[in-house]
2 protein chains.
Amino acid sequence: MTTVGILGGGQLGRMLAVAGVPMGVRCVVVEPAADPPPAAAAAEVLSAEYDDSRALEELARRCDVVTIEVEHVPVESLAWLAERVPVRPGPEVVAAAQDRWAEKQLFARLGIPTAVSGRPELMADAFAEGTIVKRRTGGFDGRGQVRLGPSASHADLLAAAAQITGPCLAEGLVRFDRELSVVAARSCDGAVAVYPVVENRHRDGILRETIAPAPGATPDAGSVVIRLMEALDHVGVMALELFEVAGALLANELAPRVHNSGHWTIEGAVTSQFEQHLRAVCGLPLGDPSPRGPSGMVNVIGVEPDPSAVLALPGAHLHRYGKAARRERKLGHVTVVGVDAQDRDDRMAAVRRVLAG
Amino acid sequence: MTTVGILGGGQLGRMLAVAGVPMGVRCVVVEPAADPPPAAAAAEVLSAEYDDSRALEELARRCDVVTIEVEHVPVESLAWLAERVPVRPGPEVVAAAQDRWAEKQLFARLGIPTAVSGRPELMADAFAEGTIVKRRTGGFDGRGQVRLGPSASHADLLAAAAQITGPCLAEGLVRFDRELSVVAARSCDGAVAVYPVVENRHRDGILRETIAPAPGATPDAGSVVIRLMEALDHVGVMALELFEVAGALLANELAPRVHNSGHWTIEGAVTSQFEQHLRAVCGLPLGDPSPRGPSGMVNVIGVEPDPSAVLALPGAHLHRYGKAARRERKLGHVTVVGVDAQDRDDRMAAVRRVLAG
């Protein structure tokens, strides 16, 4: 049996742990939250901060490999672990993904077009189309961001930055046609597997729905994520969020981990992103990322639906994370796989109706 | 969150527990084995005999419903529980399935053709085609059975019975064309869902492979298992093993639980038999039992394969039960889903080769 340590015990850790059971992979998560976290359903939980030396020592002693479910963990903890046990992805990959400025520099170095050339300092006025002032590190689901209109001055930028803790980055607002993402994996021996590009629908900065594969023609995002994984010597799953603008792709953000926009793969692909990540970090061969059919995922946000109502929908798969309900909190998701795109769309519409109550 | 108590913590309990996690169903198993059983990977384990009063009290206190993963549990325990908490399937269903003679009488009462009219006592000589002397209760995977040729005498039958503990049953040997089974489920409100009939290949009394759906035309087994579930007022999954003889079906044995011949449903059907059983016993709507494509399952028996070799096969899904290797012991299974029957057959052949070492 292989034991995998995971920093983070949320729903991603939970789905990793569940995927590990059939393969004989046992997960041990480190999670600072006081209550039993979602991962407790299928993993052993070490209740500790991510930099707790006793917890890290225990991980190093008991695990064959250590990975992450969130990228916002102390790089120092990963570096300490990496001297004692394989850490996949490595600390430097996580560091690159934590800092939006470092990420932008990486994209530039690899010649990957990005939305804007973000600025490390708030030196000038806002971008012509509007500006988003963001934390360089941390913050997700639209938190830690301030949006400014095209007419914002330097003083407006400074005022926005004052509302945010820590160093900031100014990004130009992009008028995109749609948001896409691609999830891929790279194994210890450098093999890669790429899932189909998907379309994501956000509202208030939170992912609401994923359509897999993305409808219509999509530019080649697979080669971009492969270039990133190879440049970083990444091992595990990586997700890359992109904007499509007039048929071209602009890289937005990378996540060196399993990703909300890949949840559809549990039922919708031959190998789920969770099994894939465990295969990769455990030094096992990658699995087939082929889709089983047109899939859709709808996030459950803020309010839990009646489980019976969801499960009464033909072919609906309910995933509850076991978290207390809170406004704008991701509490679960529902996936469907259609016989064709229209069937998938109809099934998603039915899910949406049930979730709306 | 719903808590389901399960008598038995083997691989079936484990797969039930794993299926429960996404739905917010937590499983607590009672398991007498000394070592951590397979279900420990995703369920809480009460380490106790099935008739341990403290364990049963804890189940009754903590669980919303109690079910089984093996039918050879004391009916008295189920009856005691049933006075305190819903037990699904009910004690009388389990009792009927425990005793091969009661089972045969049930088949006869419902007009379901069986292989032979089994005899409750060893009164006469062997059947013309040969005889199997079996325990009336207990024994599975060919254990607790003695086979006798056509020429066996009454003394031979008595000698065979002397090798077996407990009351015996003599069954006539059937020359069947193939072995089939059908897995179905019935919900609390009487709704039913039936998986496609599958073909099973046994060797030495142990299931080796399942082909789903069974190749070629199959007689209607769905109506038979529905009749059985309704007659017994069964709730949960039920499996019925059958012989096909010249295009007709003869009932062999029923199991009021998830079944080895339904393992293919995890990857091969929209709703797995494990999720289906939990939906049924928890009073939730049944899921779609439609197959995702032609599937095959190969049991891992006696010797664990190299996991890497199995996972390197495109589309192979490895299920390891976490049990110590022992001759003729089911240690896991591998499933494949093909784009068509030929593809499925090719994939199964590849799995067979890897398992043969």
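Numbers given to residues run from 1 along each chain, matching the order in which its sequence is written. Following the order in which they are written, the chains are lettered starting with A and the ligands numbered starting with 1. Selection of residues for local features in this predicted model requires a pLDDT of at least 70, selection of side-chain atom pairs for listing and counting requires 80 or more, and totals for whole chains, interfaces and linings are taken over all residues. Hydrogens are left out, water is left out, and the side-chain values use all remaining heavy atoms of the structure.

Novice: What is the right way to read the relation of the copies chain A and chain B from this model?
Specialist: Both copies of the chain are related by a screw-like operation: a rotation about an axis and a shift along it. Least-squares fitting of one copy onto the other uses the C-alpha atoms of those residues that reach a pLDDT of at least 70 in both copies. Between chain A and chain B, which share one sequence, the superposing operator has a rotation angle of 180° and an axial displacement of 0.0 Å; the RMSD is 0.0 Å. The transformation just described matches what one would write down for a two-fold rotation axis. For chain A, the residue whose C-alpha comes nearest the rotation axis is Ala 42 of chain A, separated from it by 2.3 Å.

Novice: Sorry, what's going on with the environment of Val 29 of chain A here?
Specialist: Residues and elements named next belong to chain A. Only runs of H or I of at least four residues qualify as helices and only runs of E of at least two qualify as strands under DSSP, and these elements are numbered from the N terminus. Inspection of the secondary structure puts Val 29 in strand 2 (residues 25–31). Per-residue accessibility, obtained with a 1.4 Å probe over protein chains only, is compared with the maximum for each type, and a residue is labelled buried under 20%, exposed over 50%, and partly exposed between these values. The buried category is assigned to Val 29, whose relative accessible area is 0%. The sequence separation of Val 29 and Val 66 amounts to 37 residues, and the corresponding C-alpha distance is 9.4 Å. Discounting chain neighbours no more than four positions away, the residues touching Val 29 are Ile 6, Gly 8, Gly 9, Ala 39, Ala 43, Glu 44, Val 45 and Leu 46. Any two residues whose heavy atoms approach within 4.5 Å at even a single point are treated as in contact.

Novice: Help me understand the side chain of Arg 320 of chain B, please; the structure alone is not making it clear to me.
Specialist: As for its placement among the helices and strands, Arg 320 of chain B is situated in strand 15 (residues 317–320). Classification of Arg 320 of chain B by relative accessible area gives buried; the value is 17%. Side-chain atoms alone can form a polar contact between residues adjacent in sequence; in general such a contact is a pair of N or O atoms within 3.5 Å, and within protein one must be able to donate a hydrogen while the other accepts it. Among the polar contacts listed, one links the side chain of Arg 320 of chain B to the backbone oxygen of Met 23 of chain A, at a separation of 3.2 Å. Within the structure, Arg 320 of chain B has its side chain in polar contact with the side chain of Glu 304 of chain B (distance 3.4 Å). In this structure, Arg 320 of chain B is in contact with Val 21, Pro 22, Met 23 and Gly 24 of chain A together with Arg 14, Glu 304, Pro 307, Leu 331 and Gly 332 of chain B, ignoring residues within four places of it in sequence.

Novice: Can you walk me through the interface of chain A and chain B in this structure?
Specialist: A common measure of how large an interface is: the accessible area buried when the components associate. Opposite the 27 residues of chain A that make contact, chain B presents 27 residues. Each of two parts loses accessible area, computed with a 1.4 Å probe, when they are put together; buried area is these two losses added. Together, the buried faces of chain A and chain B total about 2400 Å²; carbon and sulfur atoms form 54% of this surface. Any carboxyl oxygen of Asp or Glu within 4 Å of a side-chain nitrogen of Lys or Arg constitutes a salt bridge here. Applying the counting rule to chain A against chain B returns zero salt bridges. Joining chain A to chain B, the criterion identifies 12 residue pairs in polar contact (both at pLDDT 80 or more). Residue assignment for the side of chain A that touches chain B shows that the elements contributing at least two residues are helix 1 (11–23), helix 9 (273–281), helix 10 (307–311) and strand 15 (317–320) of chain A.

Novice: Teacher, can you tell me more about the pattern of salt bridges here?
Specialist: Pairing is possible between side chains of opposite charge, provided their charged atoms come close. Overall, the coordinates contain 38 salt bridges over all chains when judged by the stated rule. Between Asp 345 of chain A and Arg 344 of chain A there is a salt bridge, with its nearest N and O atoms 2.9 Å apart. The exposure class assigned to Asp 345 of chain A is partly exposed, which follows from its relative accessible area of 34%. Arg 344 of chain A sits in the buried class, given a relative accessible area of 3%. Between Glu 199 of chain B and Arg 201 of chain B there is a salt bridge, and its shortest N-O distance comes to 3.4 Å. Connected through salt bridges with shared partners, the residues Arg 178, Glu 199, Arg 201, Glu 209, Glu 244 and Arg 352 of chain A form a single ionic network.

Novice: Any chance you could explain helix 1 of chain A here in plain terms?
Specialist: Quick reminder: α-helices carry 3.6 residues per turn. Residues three or four places apart thus point the same way. Residues and elements named next belong to chain A. To estimate how far a helix should reach, multiply one less than its number of residues by 1.5 Å. Along its 13 residues, helix 1 runs 19 Å from first to last C-alpha, staying within 8% of the 18 Å computed at 1.5 Å per residue. Burial analysis of helix 1 places 12 of its 13 residues in the buried class, which makes it a mostly covered element. Restricting attention to buried positions, one finds in helix 1 the residues Gln 11, Leu 12, Gly 13, Arg 14, Met 15, Leu 16, Ala 17, Val 18, Ala 19, Gly 20, Val 21 and Met 23. Among the residues trailing helix 1, Gly 24 stands out with phi positive, at a value near 80°.

Novice: What's the story with the pairing of strand 12 (residues 236–245) of chain A in this structure? I'm lost.
Specialist: On any regular strand, side chains alternate: one points to one face of the sheet, the next to the other face. Residues and elements named next belong to chain A. Most of strand 12 sits inside the fold, with nine of its 10 residues counted as buried. In the sheet, strand 8 (residues 178–186) pairs with strand 12 via nine bridges, with the strands oriented antiparallel. Its bridge partner lying in strand 12, Arg 178 is registered against Glu 244. In this analysis, strands are considered paired if DSSP registers two or more bridges between them. Bridge analysis of strand 12 against strand 13 (residues 248–255) gives seven bridges, and the strand direction is antiparallel. Paired with Glu 244 across the two strands is Leu 249, which belongs to strand 13.

Novice: Mind showing me how you'd approach the sheet that holds strand 3 (residues 44–47) of chain A here?
Specialist: Adjacent strands of a sheet pair through backbone hydrogen bonds, lying either parallel or antiparallel. Residue and element names in this part refer to chain A. An order of 3-2-1-4 is seen for the four strands of this open sheet, with the pairing classed as parallel. Two strands in the sheet have a free side with no partner beyond their single neighbour: strand 3 and strand 4 (65–68). Going across the sheet, the axis of each strand differs from the next one's by a mean of 25°, ignoring polarity. Where strand 2 meets strand 3, four bridges bridge the pair, whose relative direction is parallel. Note on strand 3: the bridge partner recorded for Val 29 is Val 45. Only the contacting stretch of a helix is used when fitting its axis, a line to C-alpha atoms as for every element, and angles between N-to-C directions run 0 to 180 degrees. Here helix 9 sits on the sheet and contacts strand 1 (2–7), strand 2 and strand 4; the angle it forms with strand 4, its principal contact strand, is near 140°.

Novice: What is the right way to read the side chain of His 234 of chain A from this model?
Specialist: Residue and element names in this part refer to chain A. With respect to the helices, strands and loops of the structure, His 234 is situated in the loop between helix 7 (222–232) and strand 12. Engagement of the side chain of His 234 in a polar contact is seen with the backbone oxygen of Val 237, the distance being 3.0 Å. Once residues lying within four places of it in the same chain are set aside, the contact partners of His 234 are Pro 89, Val 93, Arg 186, Met 229 and Pro 256.

Novice: Honestly, the packing of helix 1 of chain A against helix 1 (residues 11–23) of chain B in this entry has me stumped. Any pointers?
Specialist: Helix-helix packing is characterised by the crossing angle of the two axes and by the distance between the axes. Put simply, helix 1 of chain A and helix 1 of chain B touch, their axes get as near as 10 Å, and they point 160° apart. Accordingly, the angle class assigned to the pair helix 1 of chain A and helix 1 of chain B is roughly antiparallel. Handedness of the crossing formed by helix 1 of chain A with helix 1 of chain B: left-handed. On helix 1 of chain B, the residues that touch Arg 14, Val 18 and Val 21 of chain A of helix 1 of chain A are Arg 14, Val 18 and Val 21 of chain B. In the scheme used here, Gly and all other residues not listed as nonpolar or charged are polar, with Ala, Val, Leu, Ile, Met, Phe, Trp, Tyr, Cys and Pro taken as nonpolar and Asp, Glu, Lys and Arg as charged. A breakdown of the residues in the contact of helix 1 of chain A with helix 1 of chain B according to their chemical character gives four nonpolar, no polar and two charged. Put simply, angles under 35 degrees are roughly parallel, angles over 145 are roughly antiparallel, angles from 65 to 115 are roughly perpendicular, and the rest are oblique. Handedness of a crossing follows from how the near helix is turned relative to the far one, being left-handed for an anticlockwise turn of less than a right angle and right-handed for a clockwise one.

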